[in-house]
Amino acid sequence: MEDINNKLINIGEYGQALDGYKDVLNQTILQIAPESLQPLLGNVLPSHWQEWLLPLVGVPFFLLFLAEWFYQSKRGYGDSFSLKRTITNFSLGGSYLTFELIVQALIVLPICLWLYQYRLFTIEVTWLTVIPIFIAVEFSYYWFHRASHRVNWFWSAHVLHHSDDKMNLSTAMRQSLLYSVTGWWLFFVPLMMLGVHPVWVFFFYALDLIYQFFIHTETVGKFPKWVEYIFDTPSNHRAHHGANEEYIDQNYGGVIILFDRWFGTYVEEDTINNPVKYGAVGEASHDNIFKLIFDVFYRMWQRFFRAKGIKNKLKVLFSPPSAA
């Protein structure tokens, strides 16, 4: 069974070579780690090369952000950057990646692998299937992202990402470690049950998130119309982060914006008549990391326990944020 899984999650000799690099990286980390931490690290370090993709991009992202800060400051737009906010955002990103690595290794991936045993088909990743699978992952992401705005339970984690009143590349790192608690991965289980290996699903989801790092910026204006029509661009994503009434709960796409157009959740950024005002409605933009992660989640549970009757309790968890 293990040999079959290995074949499913590697593309020939390239996958084998990347798994070799993964093993070297894992062993290096274990060697330099304190002996007391080695048993824990041995359990949570990635078992497949695909799982290392997202954790490894942190340093390149930080360097690119510094380049953006330098470039925008030279152009006179340095007000969108501050050292304190940068530390906050990258600290949140670091805690998110660390927690995701641990929870995925110990809880999420084992559950998904167990469910994968009952798949309807076996869909291997090949050069013919890679694009359809990625589009299917993007489709799943659209509904996860939409639920993260329209359902209190998921919003309690996602609100942190929208709480920045500025927009630059560091905003992309403003992520909550509560995502695994609220269950982002549930939206991708149908793909696994169809037959896509969970490791590949998480890999393509990581690619989706990596792409989105680059669209959290005011450095880039609008692209040609055909690009703006198909893809989630900096302009489309700035509108998504808008607290203006016209922009709220729009543009949920990750890499492509077509599902928003098809399902009626698309809005175009209007830089002249309706400049984007960033932030989460009703939430202050600040740098208290603990409160950023847990405040809305805690308040949701306060309302839950105060509510009378199971119907009202469920309404607290699953109604839209504005109805809470």
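These remarks concern the structure in this document. What you are looking at is a predicted structure, and each value in this text was computed from that prediction instead of being measured. Once a new chain begins, its residue numbering starts again from 1 and follows that chain's sequence as written. Totals for whole chains, interfaces and linings use every residue, but because this is a predicted model, local features are given only for residues with pLDDT of at least 70 and side-chain atom pairs only at 80 or more, for both listing and counting. Each side-chain value is derived from all of the structure's non-hydrogen atoms; neither hydrogens nor water enter the calculation.

### Regarding the side chain of Gln104
Part 1 of the argument: Looking at where Gln104 falls in the secondary structure, it is placed in helix α6 (residues 83-116).
Part 2 of the argument: Contact partners of Gln104, with chain neighbours within four places excluded, come to Glu51, Leu109, Pro110, Trp184 and Phe202. The helix and strand labels rest on DSSP assignments: H or I over at least four residues marks a helix, E over at least two residues marks a strand, and numbering proceeds from the N terminus. Contact criterion: two residues are considered in contact whenever any of their non-hydrogen atoms come within 4.5 Å of each other.

### Overview of a nonpolar patch on the surface
Part 1 of the argument: Together, Leu37, Leu40, Ile102, Leu106, Ile107 and Ile111 make up an exposed nonpolar region whose accessible area comes to about 470 Å².
Part 2 of the argument: Looking at the nonpolar patch element by element, the count peaks at four residues for α6.
Part 3 of the argument: Within the secondary structure layout, Ile111 lies in helix α6. Patch construction takes residues with relative accessible area above 30% that form no salt bridge. Like charges are linked within 9 Å, and nonpolar side chains (Val, Leu, Ile, Met, Phe, Trp, Tyr) are linked within 5 Å. Note on areas: these come from Shrake-Rupley sampling with a 1.4 Å probe, and a residue is covered only by the protein chains present in the view. A pair is scored as a salt bridge if a Lys or Arg side-chain nitrogen falls within 4 Å of a carboxyl oxygen belonging to Asp or Glu.

### Comments concerning the pattern of salt bridges
Side chains bearing opposite charge may pair, as long as their charged atoms lie close to each other.
Part 1 of the argument: For the structure shown, the criterion picks out 10 salt bridges.
Part 2 of the argument: Salt-bridge contacts for Arg85 lead to Asp164; the nearest nitrogen and oxygen are separated by 2.6 Å. Here Arg85, found in helix α6, pairs with Asp164, found in the loop between α8 (152-162) and α9 (179-182); they are 79 residues apart in sequence, far enough to count as distant. Each member of the pair, Arg85 as well as Asp164, is classed as buried.
Part 3 of the argument: The residue Arg150 makes a salt bridge to Asp249 at a minimum N-O spacing of 2.8 Å. Here Arg150 is found in helix α7 (residues 130-150), whereas its partner Asp249 is found in the loop between α13 (234-240) and α14 (258-263), with 99 residues between them in sequence. The classification of residues rests on relative accessible area computed with a 1.4 Å probe and restricted to protein chains. Under 20% of the type maximum is buried, over 50% is exposed, and intermediate values are partly exposed.

### Here's the deal with the environment of Glu138
Part 1 of the argument: Following the sequence through the fold, Glu138 ends up in helix α7.
Part 2 of the argument: On the basis of relative accessibility, which here comes to 1%, the residue Glu138 falls in the buried class.
Part 3 of the argument: Along the sequence, Glu138 and Trp184 sit 46 residues apart, while their C-alpha atoms lie 13 Å from each other.
Part 4 of the argument: Those residues within four positions of Glu138 in sequence are excluded, and the remaining contacts are Asp208, Gly253, Gly254, Val255, Ile256 and Phe259.
Part 5 of the argument: Between N or O atoms, a polar contact is any pair within 3.5 Å; within protein, one atom must be a potential hydrogen donor and the other a potential acceptor, and residues adjacent in sequence are included only when both atoms are from side chains. Polar contacts involving the side chain of Glu138 include one to the main-chain amide nitrogen of Ile256, which spans 3.3 Å.

### Some details on the packing of aromatic side chains
Part 1 of the argument: What counts as a ring pair is set by centres within 6.5 Å for rings of Phe, Tyr and Trp (its six-membered ring), and what kind of pair is set by the plane angle: stacked under 30 degrees, edge-to-face over 60, tilted for all other angles. Throughout the structure, instances matching the rule amount to 42 aromatic pairs.
Part 2 of the argument: Each ring, one from Phe62 and one from Phe90, has its centre 5.1 Å from the other, and the planes form 90°; the classification is edge-to-face. Here the residue Phe62 occupies a position in helix α5 (residues 58-74), and Phe90 occupies one in helix α6, the gap between them amounting to 28 residues.
Part 3 of the argument: The exposure class assigned to Phe90 is buried, which follows from its relative accessible area of 17%.
Part 4 of the argument: Arranged with centres 6.2 Å apart and planes meeting at 70°, the rings of Phe144 and Tyr179 form a pair that is edge-to-face.

### Here we look at the nonpolar core
Part 1 of the argument: Counting 64 residues, the largest nonpolar core has Leu54, Trp184, Phe188, Phe202, Phe204 and Tyr205 as its most contacted members.
Part 2 of the argument: Where this core is concerned, the elements lending two or more residues are α5, α6, α7, α8, α10 (189-194), α11 (198-213), α15 (289-306) and α16 (310-318).
Part 3 of the argument: Among the elements that line this core, the one with the most residues is α11, at 11 residues.
Part 4 of the argument: Not counting the four nearest positions on each side in its chain, Phe204 is found in contact with Val125, Val130, Ile133, Phe134 and Val137. In this description, a nonpolar core means a group of buried Ala, Val, Leu, Ile, Met, Phe, Trp, Tyr and Cys residues linked to one another through side-chain atoms lying within 4.5 Å.

### As for the layout of surface pockets
Over the atoms, a rolled probe matching the size of one water molecule traces out where space is still vacant.
Part 1 of the argument: In this structure, the largest pocket encloses a volume near 420 Å³.
Part 2 of the argument: Looking at the largest pocket, it is lined by 23 residues, and the ones nearest its centre are His149, Trp155, Val281, Pro321 and Ser322.
Part 3 of the argument: Those elements giving two or more residues to the lining of the largest pocket turn out to be α7, α8 and α15.
Part 4 of the argument: Taken together, the residues of the lining of the largest pocket sort by class into nine nonpolar, nine polar and five charged.
Part 5 of the argument: A cavity here means a set of points on a 1 Å grid, drawn over the protein atoms and nothing else, where a 1.4 Å probe fits but cannot get out; a pocket is an open set with protein on both sides within 12 Å along at least five of seven lines, and a residue lines either one if it has an atom within 4 Å of a point. Grid points are joined across faces, edges and corners, and a volume is the space filled by probe spheres set on the points. By volume, the second largest pocket amounts to about 310 Å³.
Part 6 of the argument: In terms of lining, the second largest pocket is formed by 24 residues, of which the most central are Glu51, Glu100, Leu101, Gln104 and Phe202.
Part 7 of the argument: Elements represented by at least two residues in the lining of the second largest pocket include exactly α3 (38-44), α4 (53-56), α6 and α11.
Part 8 of the argument: Ranked by residue count, the leading element in the lining of the second largest pocket is α6, at nine residues. The nonpolar class holds Ala, Val, Leu, Ile, Met, Phe, Trp, Tyr, Cys and Pro. Asp, Glu, Lys and Arg form the charged class, and all remaining residues, Gly among them, are polar.

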